[in-house]
Amino acid sequence: MHQPVISGTGVFTPEQIITNAELVKAFNAYADKFNAAHADAIAAGDVDEMGHSSEEFIVSASGIHQRYVMDKTGVLDPDVMHPSLRERADDEPGIMTEMGVDACRKALVQAGCDAADVDLVICAASNHERAYPAIAIEIQQALGAGGFAFDMNVACSSATFGIQAAADMIRSGSVKRALVVNPEICSAHLEWRDRDCHFIFGDVATATLIERKEDAKGDHFDILSTRCLTQFSNNIRNNNGFLRRTREETSDLPDRRDMQFMQNGRKVFKEVLPIVSKHILGHIADIGVEQDDLKRLWLHQANKSMNDFIGKKVLGRTPEADEQPNILQDYANTSSAGSIIAFSKYSDDMAPGDTGVICSFGAGYSVGSVVVRRA
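Below you will find a few notes about this structure.

About the thresholds
- Residues numbered from 1 in each chain as written.
- Predicted model: local features only at pLDDT ≥ 70, side-chain atom pairs only at ≥ 80, totals over all residues.
- Heavy atoms only, no water.
- Helix = DSSP H or I, 4+ residues; strand = E, 2+ residues; numbered from the N terminus.
- Buried < 20%, exposed > 50% of the residue type's maximum accessible area, 1.4 Å probe, protein only.
- Contact = heavy atoms within 4.5 Å.
- Areas by Shrake-Rupley, 256 points an atom, 1.4 Å probe, with all protein chains shown as cover.
- Lys, Arg positive; Asp, Glu negative; His and termini not counted.
- Charge placed at Lys NZ, Arg CZ, Asp CG, Glu CD.
- Axes fitted to C-alpha atoms, helices over the stretch in contact; angles between N-to-C directions.
- Left-handed = near helix turned anticlockwise from the far one by under 90°.
- Nonpolar A, V, L, I, M, F, W, Y, C, P; charged D, E, K, R; others polar.
- Expected span 1.5 Å × (residues − 1).
- Pairing = 2+ DSSP bridges.

What follows deals with the overall build of the chain. In terms of regular secondary structure, the chain is built from 10 helices and 13 strands. A principal-axis box enclosing the C-alpha atoms of the chain has dimensions of 70 × 55 × 35 Å. Within the chain, buried positions represent 54% of all 375 residues. At a minimum sequence separation of 6, the contacts of the chain that also span at least 24 residues come to 77%. Carbon and sulfur atoms make up 49% of the accessible area of the chain, which amounts to about 16600 Å² in all. Charge centroids of the chain, computed over 37 positive and 53 negative side chains, lie 5 Å from each other.

So, on to the packing of helix α7 (residues 265–286) against helix α8 (residues 304–315). Packed helices, taken two at a time, are described by their axes: the angle between them and the distance between them. One way to put it is that α7 packs onto α8 with a least axis distance of 9 Å and a crossing angle of 35 degrees. Here α7 runs over α8; the crossing is right-handed. Across from Val268, Phe269, Val272, Leu273, Val276, Ser277, Ile280 and Leu281 in α7, the residues of α8 making contact are Ser305, Met306, Phe309, Ile310, Lys313 and Val314. Across the contact of α7 with α8, the residue classes break down as 11 nonpolar, 2 polar and 1 charged.

To continue, consider helix α4 (residues 95–111). When the terminal C-alpha atoms of α4 are compared, their 25 Å separation across 17 residues agrees well with the 24 Å that a helix rising 1.5 Å per residue should span. Taken together, the buried positions of α4 are occupied by Ile95, Met96, Thr97, Met99, Gly100, Val101, Ala103, Cys104, Ala107, Leu108 and Ala111. For α4, the secondary structure elements touched by its buried residues are β1 (4–12), α5 (135–143), β6 (177–185) and β7 (203–212).

Take the sheet that holds β7 next. What the 9 strands build is an open sheet, ordered β5-β4-β6-β7-β1-β8-β13-β12-β11; its pairing is mixed. Both edges of this open sheet fall to β5 (148–152) and β11 (294–299), since each of them pairs with a single strand only. On average, each strand axis in the sheet is tilted by 25 degrees relative to the strand beside it, whichever way the strands run. Two strands pair when backbone bridges link them, and strand β4 (residues 120–124) and β5 are joined in this way by 5 bridges, in the parallel orientation. Within the sheet, the bridge partner assigned to isoleucine 122 lies in β5 and is phenylalanine 150. Packing of α8 onto the sheet brings it into contact with β11 and β12 (355–362), and relative to β11 it is tilted by some 150 degrees.

Encoded structure:
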């Protein structure tokens, strides 16, 4: 059995930023247009008036101040309210491949490895731009990697589930070196016209290089253990899919609300937090790691209040700022990539022997945790 390690990470960050101020201005303009167009129905009580959003509301509800996106022009146009991304020809790299390859190359540079030495690519993300061929295989080809590649989707837990799959294959000897890449274009599944969620998501891509310890060329983290959990819930959902056109009642309704991201936020908050806290505490206890042994928690970046709650439960006290770093104030919720961004940006200062947990959670419900120790 081989010891798997994380030897490199990479983050692709889009060039365009939407601030809360820009987002609120666009949303409120859309709300005013909606209310004017439905004035009679609103007066008759048949349609609810659409309320305004505010910067204060967004920060209070989420802790988010801005988000990076692949296209802001469409999102900020009150007549569009979604990203405008051109369709790629079949002989062009897909947009997720372009994002993913950038992150992968950064991870390879950090690890001092060549793409040709990689024999597994997993594209683990909450959405994929097509059903097939696999995005992972396109990334594999663009990088010049060998071996094999496949896509996987466990919503916001995709990255940690992908790391477990890769680590298990490295332990068993079936692969030597793997890239787990998470290109997340969350702006495309978000309903930007819904006041309760229009601020939540941003776009990014992350990559994690995992290899055998004996092959690592530089600083790295030993993967001590991985653990995944799923429990069915309808509280975070997106009903879009290839069977849609087979249903006569939905085939001509491109704007139907349940074909985008939906959640019952209050239920998610109430139900997910104890599941995640129990999961992490059980995981570390089973491998002999004490609460006081944890130097850092790199948590899923969905909501600051959620992370504060989980951090306090797991550590048994209020975490110091550097013990539970947040990046969502700058990136917003980037689905599976969030915990990897936090790990990539806030792990260099860990000393040899320091232990931490990468944890993501989301729709499913799903929870994935990776316990790592600085070698």
